[in-house]
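What follows is the residue order along each chain.
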Amino acid sequence: MAEWDASLDHIIPSSVLPPFWAKFLVGFASLVCFARSYDGDFVFDDSEAIVNNKDLRAETPLGDLWHHDFWGSRLSSNTSHKSYRPLTVLTFRMNYYLSGGFHPKSFHVVNIALHGGICVLLVDVFSVLFGGLQYTSKGRRLNLAPRSSLLAALLFAVHPVHTECVAGVVGRADLLGALFFLLSFLGYCKAFRETTKEGTHSTFWVLLSILLGAVAMLCKEQGITVLGLNAIFDILVIGKLNVLEIVQKVLRKDRLVEAMNYNYYYSLNAWLLLCPWWLCFDWSMGCIPLIKSVGDWRVIALAALWFCLIGLIRQALCSEDSHKRRILTLGLGLLIIPFLPASNLFFRVGFVVAERVLYLPSAGYCMLLTFGFAALSKHTKKKKLIAALILGILFLNMLRCVVRSSEWRSEDQLFQSALSVCPLNAKVHYNVGKNLADKGNQTAAIRYYREAVRLNPKYVHAMNNLGNILKERNELQEAEELLSLAVQIQPDFAAAWMNLGIVQNSLKRFQAAEQSYRTAIKHRRKYPDCYYNLGRLYADLNRHVDALNAWRNATVLKPEHSLAWNNMIILLDNTGNLAQAEAVGREALELIPNDHSLMFSLANVLGKSQKYKESEALFLKAIKAHPNTASYHGNLAVLYHRWGHLDLAKKHYEISLRLDPTASGTKENYGLLRRKLEQMQKKNV
């Protein structure tokens, strides 16, 4: 390998070859590329895996992490994603605890640091893969390929395809999986440190390698593939198996079978490694049109992929140069083996292309690319041209990383960037629309939701969200049509059934609305929002007992459901059940002590019960929390009016009318108070 490594001497100066400076350079390059993402928001999948994941909160027992999937659902649930990554979730929980809440900056900093650590670790990994295992008499491992290992690590550090893993907090699963994958491999290498006899190994290091492999698997399922890489390394480097001799024996006995299943998605993954300029947060839903005939020009990509792979495999198996065989085999192993769990060959994984699953395989690609540059440099006289090419690739990749990291800082930038890459992806249009709707731009959101439904006529989530917006704009007929179509396509879509019930309620079709709510609850038994809306329906129908029962169910399922508590208090108040209303209000405030709307509702009840002092205290607390709410001042004024504190009543009537001059009830009460004050003044005179 020394000869191959020396061919890079005009590209990698000797001054950066000492281990410290090599690792410092790689670590620094990795930080420069992705530092721009440190103050980004939680974007895309971060919301479900982190912000909405109850496993991060202290009230969830730590033991539950071992029974839940990555998104916080029970593994036994039909809705579970079945992605089992408890150690990654544990790091999110530690982040949440140490930063005092959901502050994305601390989460991003950890991801950037992990990527930097992995890149530094890869300097050692590549030195073993390129140079093999040789030790000094004192047991120190020799780095026989310092230039190759440094260049491969630099190529990995600045590869733009890693942006999703580093800039997206959810990518930590891939980062942790890669970290322990590499530590497991290095531990396995230590087990075979040459001492007195060739083949001597340490049981401790073998067991530690297996343990680290298990940790990698508990961070990301892909981590288990380290066992495959260790096996190949053992066979080629430790066992010194001559693959060429075996292949020659096989060829003399049987003809090779040339049956290969060409897969366009594999070629697209390869293209993302080769030319990571077109990157997208999601590659599903029409982003990659299917190849329907052999006449499709994209078949060329399949042919190119397998032509390159077959060429590399042939060289890895049949080259007479043993160093070349070993490096190519290990490089292909590091490229292919970690990719196998995401290949859909053994089981369906729910996606066809995802940039984050290329994190570990890209290390194999960088190794092969480095070897290719070394071979090219060895056999050509234009070494300056090759040096310029490598530096150009490193510079362009670093630039692309900086730009892409900036796009991952917010959902707005991330989703907009995908429109030019995957204009046929319904999910991209859906996410752009959802982001616009969250910002209050309903008109633009409708446009993107309609495009998502046009691109994918069975996209029920887009139909549901579009139906919701149309409902808010009082376009009830079209909203009902969309939501009805959504539940027809997916009969167990509980959220769409609930929203359909809300629309039907607005259309005064009460029986149909009740049936829709009941169907939603049938498909999602623990659905507090649906019980809340069912209670509103019963209240409209004057079915007060049913309404109270529905709202009570909502609060049992979600004790912090403020609206359900409030509606119970108000209904009991309006029907004259003041004692029961007071009891419910006190129960609610024990559970949600800082909810100003509950303070206001209970204050009204206490005022009617002539518990003026306690009522006043609650009104004042509510006003302190929301000083510009006109009704809070208006109702406090009514309390003072009844209580006989007329000056205070006048003060709060006037504040209320300044905040809301159109409040007719407040105007009327204020008029009565003024007349009373005038009469009192005349009597005094």
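What you are looking at is a predicted structure, and each value in this text was computed from that prediction instead of being measured. (Residues numbered from 1 in each chain as written. Predicted model: local features only at pLDDT ≥ 70, side-chain atom pairs only at ≥ 80, totals over all residues. Heavy atoms only, no water.)

**Thoughts on the overall build of the chain**
Each helix and strand counted, the chain has 32 helices and zero strands in total. Out of the 685 residues in the chain, the part that is buried amounts to 51%. In the chain, the proportion of contacts linking residues at least 24 apart, taken out of those at least 6 apart, comes to 64%. When the accessible surface of the chain is split by element, carbon and sulfur atoms take 59% of a total near 33,600 Å². (Helix = DSSP H or I, 4+ residues; strand = E, 2+ residues; numbered from the N terminus. Buried < 20%, exposed > 50% of the residue type's maximum accessible area, 1.4 Å probe, protein only. Contact = heavy atoms within 4.5 Å. Areas by Shrake-Rupley, 256 points an atom, 1.4 Å probe, with all protein chains shown as cover.)

**With respect to the packing of aromatic side chains**
All told, the structure shown has 19 aromatic pairs when counted by the stated rule. Considering the side-chain rings of Phe-20 and Phe-24, the 6.3 Å spacing of their centres and the 20 degrees angle between planes classify their relative orientation as stacked. Here Phe-20 pairs with Phe-24, and both are found in helix H2 (residues 19-34), just four residues apart, close to one helical turn. Note on Phe-20: relative accessible area 56%, which makes it exposed. By relative accessible area, Phe-24 is classed as partly exposed at 46%. Taking 5.3 Å as the distance between ring centres and 75 degrees as the angle between the ring planes, the aromatic pair formed by Phe-42 and Phe-107 counts as edge-to-face. Separated by 65 residues along the polypeptide, Phe-42 in the loop between H2 and helix H3 (46-51) and Phe-107 in helix H5 (residues 104-131) bring together distant segments of the chain. Relative accessible area serves as the criterion here: at 13%, Phe-42 is assigned to the buried category. Here Phe-107 falls in the buried class, since its relative accessible area comes to 0%. Ring-pair connections join several aromatic residues into one group, and the members of that group are Phe-42, Phe-70, Trp-71, Phe-92 and Phe-107. Directly above the ring of Trp-277 sits Arg-400, whose terminal nitrogen or CZ lies 5.6 Å from the centroid. Across the ring face of Tyr-527, the terminal group of Arg-524 is positioned such that the distance to the ring centre comes to 4.1 Å. (Phe/Tyr/Trp six-rings, centres within 6.5 Å; stacked < 30°, edge-to-face > 60°. Lys NZ or Arg CZ within 6 Å of the ring centre and 35° of its normal.)

**So, the confidence of the model for the chain**
On average, residues of the chain score 84 in pLDDT, and 88% of them are at 70 or above. In this model, residues 246-255 is a region of pLDDT below 50 whose contacts with residues beyond four sequence positions or in other chains number four contacts. (pLDDT = per-residue confidence, 0-100.)

**Some remarks on the packing of helix H20 (residues 460-472) against helix H22 (residues 494-506)**
Between H20 and H22, the least distance of the axes is 10 Å, while the angle of their chain directions is 20 degrees. Between H20 and H22, the angle falls in the class roughly parallel. Crossing of H20 over H22 shows left-handed handedness. Contact residues: H20 offers Asn-464, Asn-468 and Lys-471, while H22 offers Ala-495, Ala-496, Asn-499, Ile-502 and Val-503. Split by residue class, the contact of H20 with H22 holds four nonpolar, three polar and one charged. (Axes fitted to C-alpha atoms, helices over the stretch in contact; angles between N-to-C directions. Parallel < 35°, antiparallel > 145°, perpendicular 65-115°, else oblique. Left-handed = near helix turned anticlockwise from the far one by under 90°. Nonpolar A, V, L, I, M, F, W, Y, C, P; charged D, E, K, R; others polar.)

**Some thoughts on a nonpolar patch on the surface**
The grouping of Trp-271, Leu-274, Trp-277, Trp-278, Phe-395, Leu-396, Leu-399 and Val-403 at the surface amounts to a nonpolar patch, some 840 Å² of accessible area in total. Mapped onto the nonpolar patch, the elements with two or more residues apiece are helix H12 (264-274) and helix H16 (383-407). In this structure, Leu-399 sits in helix H16. Overall, Leu-399 belongs to the partly exposed group, its relative accessible area being 43%. (Patch = residues over 30% accessible without salt bridge, like charges linked within 9 Å, V, L, I, M, F, W, Y side chains within 5 Å. Salt bridge = Lys/Arg side-chain N within 4 Å of Asp/Glu carboxyl O.)

**Structural notes on helix H21 (residues 476-489)**
For H21, built from 14 residues, the straight-helix expectation of 20 Å at 1.5 Å per residue is met to within 8% by its first-to-last C-alpha distance of 20 Å. When we look at burial in H21, the residues that qualify are Leu-476, Ala-479, Glu-480, Leu-482, Leu-483, Ala-486 and Val-487. Buried positions in H21, seen along its axis, are confined to an arc of 165 degrees and lie on one side of it. Exposed side chains of H21 directed beyond 90 degrees from the buried face belong to Gln-477, Glu-481 and Gln-488. For H21, the secondary structure elements touched by its buried residues are H20 and H22. (Expected span 1.5 Å × (residues − 1). Arc of directions from axis to C-beta.)

**Observations regarding the side chain of Glu-480**
With respect to the helices, strands and loops of the structure, Glu-480 is situated in helix H21. With sequence-adjacent residues up to four places away left out, Glu-480 is seen in contact with Leu-500, Val-503, Gln-504, Leu-507 and Arg-509.

**Overview of the environment of Ile-592**
Relative to the elements of secondary structure, Ile-592 occurs in the loop between helix H27 (578-591) and helix H28 (596-608). Judged by relative accessible area, Ile-592 falls into the buried class, the value being 15%. For Ile-592 and Pro-559, which are 33 residues apart along the polypeptide, the C-alpha to C-alpha distance reads 8.2 Å. If we ignore the near neighbours within four places in the chain, the residues touching Ile-592 are Pro-559, Glu-560, His-561, Ser-562, Trp-565 and Leu-598.

**Examining the state of the cysteines**
Joining two cysteines, a disulfide is a covalent bond between their sulfur atoms. Per the counting criterion, the structure on display carries zero disulfides. Here Cys-119 is not disulfide-linked; the sulfur of Cys-33 is the nearest cysteine sulfur, at 8.5 Å. Looking at Cys-119, the relative accessible area reads 0%, which means it is buried. (Disulfide = S-S within 2.5 Å.)

**Here we look at the pattern of salt bridges**
Counted by the stated rule, this structure contains 22 salt bridges. Residues Glu-654 and Lys-650 are paired through a salt bridge, measuring 2.7 Å at the closest nitrogen-oxygen approach. Highlighted residues: Glu-654 and Lys-650, both in helix H31 (residues 646-659), separated by four residues, approximately one helical turn. Under the relative-accessibility criterion, Glu-654 is labelled partly exposed at 24%. Overlapping salt bridges bring together Glu-582, Arg-586, Lys-611 and Glu-614 as one network.

**A look at the nonpolar core**
Among the nonpolar cores identified, the biggest contains 185 residues, and Ile-118, Phe-126, Leu-129, Phe-185, Phe-281 and Trp-283 are the most heavily contacted of them. Ranked by the residues each element gives to this core, the list is headed by H5, at twelve residues. By size, the runner-up hydrophobic cluster in this structure holds twelve residues, among which are Ala-49, Ile-50, Val-169 and Val-170. (Core = buried A, V, L, I, M, F, W, Y, C linked by side-chain atoms within 4.5 Å.)

**Section: the side chain of Lys-220**
By the secondary structure assignment, Lys-220 is in the loop between helix H9 (203-219) and helix H10 (226-238). Assessed through its relative accessible area of 8%, Lys-220 is described here as buried. Residues in contact with Lys-220, not counting those within four places in the same chain, are Arg-85, Ala-173, Asp-174, Gly-177 and Val-357.

**Some thoughts on the packing of H5 against helix H15 (residues 361-378)**
Closest axis-to-axis distance for the H5/H15 pair is 11 Å, and the angle between their directions is 55 degrees. Taken together, the axes of H5 and H15 lie oblique to each other. Crossing geometry of H5 relative to H15 is assigned as right-handed. In this structure, H5 contributes Leu-122, Phe-126, Leu-129 and Phe-130 to the contact, and H15 contributes Ala-363, Cys-366, Met-367, Thr-370 and Phe-371.

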